[in-house]
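# Inside the fold
Take a look at the letters that make up each chain.
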Amino acid sequence: MQDNRFDVVVVGGGMVGAALACDLALQQFRVAVVERAEPAPFDAASDPDVRISAIGSASVGLLKQLDVWPRVEAMRCAPYRKLETWEWQTAHVNFDAASLGLPELGFMVENNVLQRALWERMQQLNIHLRCPATLAGLQEENGGWRLDLTEGESLHTRLVVGADGANSQVRQMAGIGIDGWSYAQSCLLISVTCEHPAGDSTWQQFTPHGPRAFLPLYDNRASLVWYDAPARIRQLQAMPLPQLEKEIAAAFPARLGRFKAHAAGGFPLVRRHAQRYVLPGLALIGDAAHTINPLAGQGVNLGYRDVDALSAVLTEARSNAQDWASECVLRRYQSQRRRDNLLMQSGMDLFYFAFSNRLPPLKFARNLGLMAAERSGVLKRKVLRYALGL
């Protein structure tokens, strides 16, 4: 077989694209990955990445299946076993791994750690890595697609998968439209060292300006998440760290205790949903297909559900001697995932809009809702299981 002909070409070798490439390679598909830059080697002495993902139990299961999780554990990750959210002090909702009989709800993992672990696994599986490489053109051809890279090479494939993020070139070049909007909030991620060990509880307090959240990492390290108006986030981002520390101390609950800030990075909150996930010989996964308000940390977990679904659909179709890259087959993936992703997006939006409104009756109602949720028992456990993908 020629070196530039593949069963599947995945554009984007990040946390979701690399996972799909590993999964398909394990199913004996001939896979290539196009990626702009290789993740840096892990350095145990380095500060944690500002970008953190809350990896739920089902996602950890997928990474174990791909033999990626041991690499993550050998680098850095931190289990979280409790999740707490509140607005009024009298209206706390607590989720606990023990209530589901689980050892943990999931793990906090730095994005660059997860990317590196996946990259090393792709190298081990002999996936054909085109890196550094950028997509310059995408052209339908008989029996598949031709991808022209800016480096001058052309790849031919039966199936191209867009895993190249929220501003996906694959999606744009394929002419797939999106529905979406920008939220009236942005988000600031802050890497800190706390005076006490970070523990295994993550918490989120709702305020009139937006949530404030605490994500425990290893030892005394943690990540803070500050949602606020875009202008306010830009202002905070521009501050020297000592000044930012004073603002954090004034805005976050006292339970944070004393801390030192090391780095901060902001980003706008945008909802996007591709109008379709598939064309003949083409599929979108992860942020290329959908972005979600990060309130509940579901972004990468939804991407891993896409990986699971697409890999299962392709493998089953091939084993039944069907044209696995056909639109007819790929629509099975779309029908499984589009509705679930839309449901999660809408749920997060409902939560966002309910807690962004300052009208006293609504404030009263939502806190009553939190109190009811805390006492709901079975329903609360069902919601938690769904969020964890169980």
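The name an unreviewed UniProt entry gives the protein chain is 2-octaprenyl-3-methyl-6-methoxy-1,4-benzoquinol hydroxylase, with Candidatus Pantoea deserta as the organism. Looking at the Sequence similarities (unreviewed entry) heading of the UniProt record, one finds this comment for the protein chain: "Belongs to the UbiH/COQ6 family." Quoted verbatim from the Subcellular location (unreviewed entry) heading of the UniProt record, the comment on the protein chain is "Cytoplasm".

Another aspect to go through is the pairing of strand E12 (residues 178-194). One ladder, built from 14 bridges, connects E12 with strand E16 (residues 259-274); its direction is antiparallel. What sits directly across from Ile 178, in E16, is Ala 274. Sheet topology note: the E12/strand E15 (residues 221-228) ladder contains 8 bridges and is antiparallel. Bridge pairing in E15 places Ser 191 opposite Ser 223.

The subject of this paragraph is the environment of Gly 162. As for its placement among the helices and strands, Gly 162 is situated in strand E11 (residues 154-162). According to the relative accessible area criterion, Gly 162 is buried, its value standing at 0%. Spatially, the C-alpha atoms of Gly 162 and Val 278 are 9.9 Å apart, while their sequence positions differ by 116 residues.

Assignment of secondary structure puts Leu 342 in helix H9 (residues 327-356). Residue classification places Leu 342 among the partly exposed positions, given a relative accessible area of 33%. Spatially, the C-alpha atoms of Leu 342 and His 290 are 8.5 Å apart, while their sequence positions differ by 52 residues.

Reading the values: the criteria
Residues numbered from 1 in each chain as written. Predicted model: local features only at pLDDT ≥ 70, side-chain atom pairs only at ≥ 80, totals over all residues. Heavy atoms only, no water. UniProt positions renumbered as here; feature names shortened; annotations may be inferred. Pairing = 2+ DSSP bridges. Helix = DSSP H or I, 4+ residues; strand = E, 2+ residues; numbered from the N terminus. Buried < 20%, exposed > 50% of the residue type's maximum accessible area, 1.4 Å probe, protein only.

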